[in-house]
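# Working through the structure, step by step
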Amino acid sequence: MTRILLMGNPNVGKSVLFSRLTGVQAIVSNYPGTTISYTRGNMKLAEELAEVIDVPGTYTLEPTSEAEEIALRLLDSGDIVINVVNAINLERNLYLTLQLLERGVPMVVALNLWDDTKHRGIDIDLEKLEERLGVPVIPTVAVTGQGVKELVENIPRATSPQLPPTTRDQRWAAIGQIIEQVQHIRHRHHTWRERLSDASVKPLSGGFIALGILAASFFIIRLIGEGLINYVLNPLFDTLWAPVISRLSQLMGSTGFLHDIVIGKLIDGEVDFVQSFGLLTSGLYVPFGMVLPYIVSFYFVLGILEDTGYLPRLAVLMDTIMHRLGLHGYAIIPTLLGLGCNVPAILATRILESKRERFIAATLISIAVPCAALQAMIFGLVGERGIGYVAIVYGTLFIVWIILGFILNRTVKGFSPELLIEIPPYRLPPWRTVLQKLWFRTYGFLAEAIPIILGAILVINVLYILGVFDAIANFTAPVVTGLLGLPKEAVTALVIGFLRKDVALGMLAPLALTSGQLVVGSVVLAMLFPCIATFVVMFRELGVVNLLKAVGVMIVAALVTGGILNLIL
Amino acid sequence: MRRHMHGFGGRFRPEAELVTLVQLKSGQSGTVVDIQGGRRMTDRFNALGIIPGKKITKTSAMLMRGPVTIEVDRVEVAIGFGMANKVMVKPDRVP
């Protein structure tokens, strides 16, 4: 089967084009480094099936990061390359193009973001460019699909002029000549987007913009999340599902082994969707009624932030602070992703250049950045006791993030390189990609979380009935009760936290904790042991030694923080 | 330039006009003359098309040794303070 590689600089729209060609949905955003691993799909090419690979963005074939190394390795396996080029910045993009031409692999050039050239005052002579490069050049607008058909028709024309290998200076000189012949820039005035762009990276205005955007994001996430819970999901559960469950509970005799597993324990003689802990009660209410609304609202807002191109600007603003934590500004992107789910966040640390940075970033995320599922439960359960307690949980985690980063920066060996990133222009988020991405991520949550949540609840009930939890509770009582001031039964929640954090926090609900205890429990649960999925991805990305180091830091940090909170509250 | 050198004897060196990206004022344009970093740094700058001879404009700089933002070939690039300090630029004459 013919293998086609989509290659080009970061953030030129390769993933959008990939989705257009194959129909396979790939995560698309407006910042360099969204695609950190490769995605494959198939397309029809002259009545035959061809494989298409969405290669991570690379500026050069002399790799300077892990994503670029992946790109280089993939290049050897490809039959045809579609070199996706940003028409706005032909100079720099042609460097990779010339390198690819020197490799002798058959190629077509997709001159993407073609629509932007007109209002940016850039004229490009397509015929001349095609003649100079010696390969077909097709203007495309991947977001709207314009030119994609022509691109597909021209794939069979892919060819290579087999340029002789040269040096950097010669390549830049050749590019200079090409640009002089094919590109003409007309003078024009700054647009409002460019003025806004400049304001976002200036100290004073940038700080206000960042505060405004973060406050608005928080407000919108709360508004949508609570709105969905109060006006859609709670009414659905209360009017449709509750009667069915009560009836079923009666039919099963309101008690007994099977009843405890399916319906759970009755609270004051009634089914309680949070506290009963049966498969059909908490097993459905926790993921759908409490967590899903916040998954939807969080990823909706994150998607908009990603697609407008704001995140790299936030990275510039945060750079000085992040340096104190042994990271640079770009680490804010994996950290924000971690507020959704720690798994993609730890994968996204690949955009950082050194091993040291990746270790620090991943450790901080797994300890001090609560995922959306856990946050939804914190809002649901701790929020009942007053928004002030929620603020204590968040404030504590934020302080832990800062202090721990500071300590890791002082103790972890190695070096952290500095920030060097391209800042994409602001764009209005295309609604289609925002909604597609939201659906993609929500579906991912449901497909991965629901089986584990149901499995966890089954395991919890069986272990309860077998008395295993009592044994663990008695064994760990000195730490849990003595140090953290929690009832010894709370340890079951900490153990289950290894499977799912949302379910684990739900297990604290029936324990009649004081507000202070609930805060301690939430913080310790957030910090101690990442869930199993995060654990696996940390093992894969960091290796076993670093994973064990991270776990050591985690246990000490969680117990110290929990102990201090217990003394204060 | 010739006429400024008049009267300075031979001591006026052309390098004296060079500034680092950190010293260049926001809004000012100039030409990159030298990147005084190691191999790794010049590799990364080369990948972004920031090479000697390239025209750039400084957009802004963050406070407290924060990154410098420049425009090069219509693209914005943010550069950490330490690196920006190693990029020598010849500022354009302000008319």
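Counting starts from 1 at the beginning of each chain's written sequence and moves along it residue by residue. For this description, chains carry letters from A and ligands carry numbers from 1, given in the order in which they are written. This being a predicted model, a pLDDT of at least 70 is required before a residue's local features are given, and a value of 80 or more before pairs of side-chain atoms are given or counted; all residues contribute to the totals for chains, interfaces and linings.

In DSSP terms, a helix is any run of H or I states spanning at least four residues, a strand is any run of E spanning at least two, and both are numbered starting from the N terminus. Helix and strand counts for chain A come out as 24 helices and nine strands. For chain A, whose C-alpha radius of gyration is 27 Å, the value lies close to the compact-globule estimate of 25 Å for 569 residues. Dimensions of chain A along its principal axes, counting C-alpha atoms only, are 80 × 55 × 45 Å. With C-beta atoms placed from the backbone, a residue counts as buried when 20 or more other C-beta atoms lie within 10 Å of its own, as exposed when 12 or fewer do, and as partly exposed for counts between those limits. By residue count, 47% of the 569 residues in chain A fall in the buried class. Note that contacts rest on C-beta atoms placed from the backbone: two residues are in contact if these are within 7 Å. Taking all contacts inside chain A whose residues are at least 6 apart in sequence as the whole, residues at least 24 apart take part in 71%. As defined in this context, the radius of gyration uses C-alpha atoms, and a globule is described by 2.2 Å times the residue total to the power 0.38.

On to the nonpolar core. Nonpolar side chains in soluble globular proteins tend to be buried together. Residue and element names in this part refer to chain A. What makes a nonpolar core is a set of buried Ala, Val, Leu, Ile, Met, Phe, Trp, Tyr and Cys residues, with links drawn between C-beta atoms within 7 Å. Core analysis: the largest hydrophobic core is formed by 177 residues, its most contacted members being Ala110 and Ala315. Among the elements that take part in this core, helix α11 (residues 282-308) stands out by supplying 13 residues, more than any other. Three or more residues apiece are contributed to this core by two domains, here domain 1 (3-185) and domain 2 (203-415 + 443-568). The start and end points of each domain follow an automatic or database-based domain assignment.

Glancing now at the sheet that holds strand β5 (residues 107-112) of chain A. By way of backbone hydrogen bonds, the strands of a sheet pair with one another, either parallel or antiparallel. All names here are of chain A. What the six strands build is an open sheet, ordered β2-β3-β1-β4-β5-β7; its pairing is mixed. Among the strands making up the open sheet, the edge pair consists of β2 (39-45) and β7 (137-139). Recorded for the sheet is a direction-independent mean angle of 25 degrees between the axes of neighbouring strands. The pairing criterion is simple: DSSP has to find at least two bridges between the two strands. As paired strands, strand β1 (residues 3-8) and strand β3 (residues 48-54) are joined by four bridges and run parallel to one another. Counterpart to Leu5 in the pairing with β3 is Ile53. Axis lines are fitted to C-alpha atoms, over the contacting stretch for helices. Their N-to-C directions set the angle, which ranges from 0 to 180 degrees. Its contacts with the sheet put helix α3 (residues 90-103) on β1, β4 (80-86) and β5, and the angle it makes with β4 is roughly 165 degrees. Together, β5 and β7 form the strand contacts of helix α5 (residues 126-133), whose direction differs from that of β7 by roughly 150 degrees.

In this section: the pairing of strand β5 (residues 75-79) of chain B. In the case of a regular strand, side chains alternate between the two sheet surfaces. Most of β5(B) sits out of view: five of its five residues are buried. Covered by surrounding structure in β5(B) are B:Val75, B:Val77 and B:Ile79 together with B:Glu76 and B:Ala78, the residues of both alternating faces. Here strand β9 (residues 420-423) of chain A runs beside β5(B); their pairing, made up of four bridges, is antiparallel. Looking at β5(B), one finds that A:Ile423 is bridged to B:Glu76. As paired strands, strand β4 (residues 68-72) of chain B and β5(B) are joined by five bridges and run antiparallel to one another. Within β5(B), the residue paired with B:Glu71 across the bridge is B:Glu76. Taken together, β4(B) and the strand that follows it, β5(B), pair antiparallel across an intervening segment of two residues, in which B:Asp73 is found at a positive phi of about 50 degrees.

What the seven strands build is an open sheet, ordered β9(A)-β5(B)-β4(B)-β3(B)-β2(B)-β6(B)-β1(B); its pairing is antiparallel. Each edge of the open sheet carries a strand with a single partner, namely β9 of chain A together with β1 (19-20) of chain B. Bridge count between β1(B) and strand β6 (residues 87-91) of chain B: two bridges; the pairing is antiparallel. Looking across to β6(B), one finds that B:Thr20 is bridged to B:Met88. Packing of helix α12 (residues 311-324) of chain A onto the sheet brings it into contact with β9 of chain A together with β4 and β5 of chain B, and relative to β9(A) it is tilted by some 140 degrees.

Glancing now at the environment of B:Asp73. Relative to the helices and strands, B:Asp73 is located in the loop between β4 and β5. The partly exposed category is assigned to B:Asp73, around which 19 C-beta atoms lie within 10 Å. Separated by 21 residues in sequence, B:Asp73 and B:Pro52 place their C-alpha atoms 14 Å apart. Excluding its chain neighbours within four sequence positions, the residues that come into contact with B:Asp73 are A:Asn89, A:Glu91, A:Arg92 and B:Gly49.

Residues and elements named next belong to chain A. Domain parsing of chain A yields domain 1 (3-185) and domain 2 (203-415 + 443-568). Domain 1 and domain 2 are separated by 41 Å when their C-alpha centres are compared. Listed as interface residues are eight residues of domain 1 and, on the opposing side, 12 residues of domain 2. The classification used treats Ala, Val, Leu, Ile, Met, Phe, Trp, Tyr, Cys and Pro as nonpolar, Asp, Glu, Lys and Arg as charged, and all other residues, Gly among them, as polar. Its residues assigned to classes, the side of domain 1 that touches domain 2 comprises three nonpolar, four polar and one charged.

Residue and element names in this part refer to chain A. Looking at the secondary structure, you find Ser29 in the loop between α1 (14-22) and β2. Remark: the alpha-carbon pair of Ser29 and Pro429, spanning 400 residues in sequence, is separated by 9.1 Å. Beyond its immediate stretch of four places on either side in the chain, Ser29 contacts Thr34, Glu306 and Asp307.

Glancing now at α12(A). Residue and element names in this part refer to chain A. Under the 1.5 Å per step criterion, the end-to-end length of α12 is 20 Å for 14 residues, consistent within 8% with the ideal 20 Å. Bend angle per residue: angle between axes fitted to the 7 residues ending at that residue and the 7 residues starting there. The sharpest bend along α12 measures roughly 60 degrees and falls at Met318. Every buried residue of α12 is accounted for by Leu311, Pro312, Arg313, Leu314, Ala315, Val316, Leu317, Met318, Asp319, Thr320, Met322 and His323. Phi turns positive one or two residues past the end of α12, at Gly326, with a value near 80 degrees. Any helix carries an expected span of 1.5 Å times its number of residues minus one.

Bringing the confidence of the model for chain B into the picture now. Residue and element names in this part refer to chain B. Residues at a pLDDT of 70 or more form 81% of chain B, whose mean pLDDT is 84. pLDDT is a per-residue confidence score from the predictor, ranging from 0 to 100. Every residue in residues 1-13 is under pLDDT 50, and counting partners more than four places away or in other chains gives one contact. Interface predicted TM-score (ipTM) for the complex: 0.84; the corresponding pTM is 0.87.

Right, let's talk about the interface of chain A and chain B for a bit. Across the contact, 29 residues belong to chain A and 26 residues belong to chain B. Sorting the residues of the side of chain A that touches chain B by element identifies α3, α7 (168-182), α8 (192-200), α12 and β9 of chain A as the ones contributing at least two each. Of the residues assigned to the side of chain A that touches chain B, the class counts are 12 nonpolar, seven polar and 10 charged.

Each pair of packed helices can be summarised by the angle the axes make with each other and by the distance between the axes. Residues and elements named next belong to chain A. Where helix α23 (residues 532-542) meets helix α24 (residues 544-568), the axes come as close as 7 Å, and the angle between the chain directions of the two elements is 130 degrees. The angle between the axes of α23 and α24 places the two elements in the oblique class. For the pair α23 and α24, the sense of crossing is right-handed. Only Val544, Asn546, Leu547 and Ala550 of α24 make contact with α23, whose side of the interface consists of Met538, Phe539 and Leu542. Each residue belonging to the contact of α23 with α24 can be placed in one class, and the counts come to six nonpolar, one polar and no charged. Reported orientations rely on four angle classes, namely roughly parallel under 35 degrees, roughly antiparallel over 145, roughly perpendicular from 65 to 115, and oblique for the rest. The sense of a crossing depends on the near helix, which, turned anticlockwise from the far helix by less than a right angle, makes the crossing left-handed and, turned clockwise, makes it right-handed.

What follows is about α24(A). Under the 1.5 Å per step criterion, the end-to-end length of α24(A) is 36 Å for 25 residues, consistent within 8% with the ideal 36 Å. Buried residues along α24(A) sit against α15 (355-368), α17 (387-411), α19 (468-483), α22 (515-527) and α23 of chain A.

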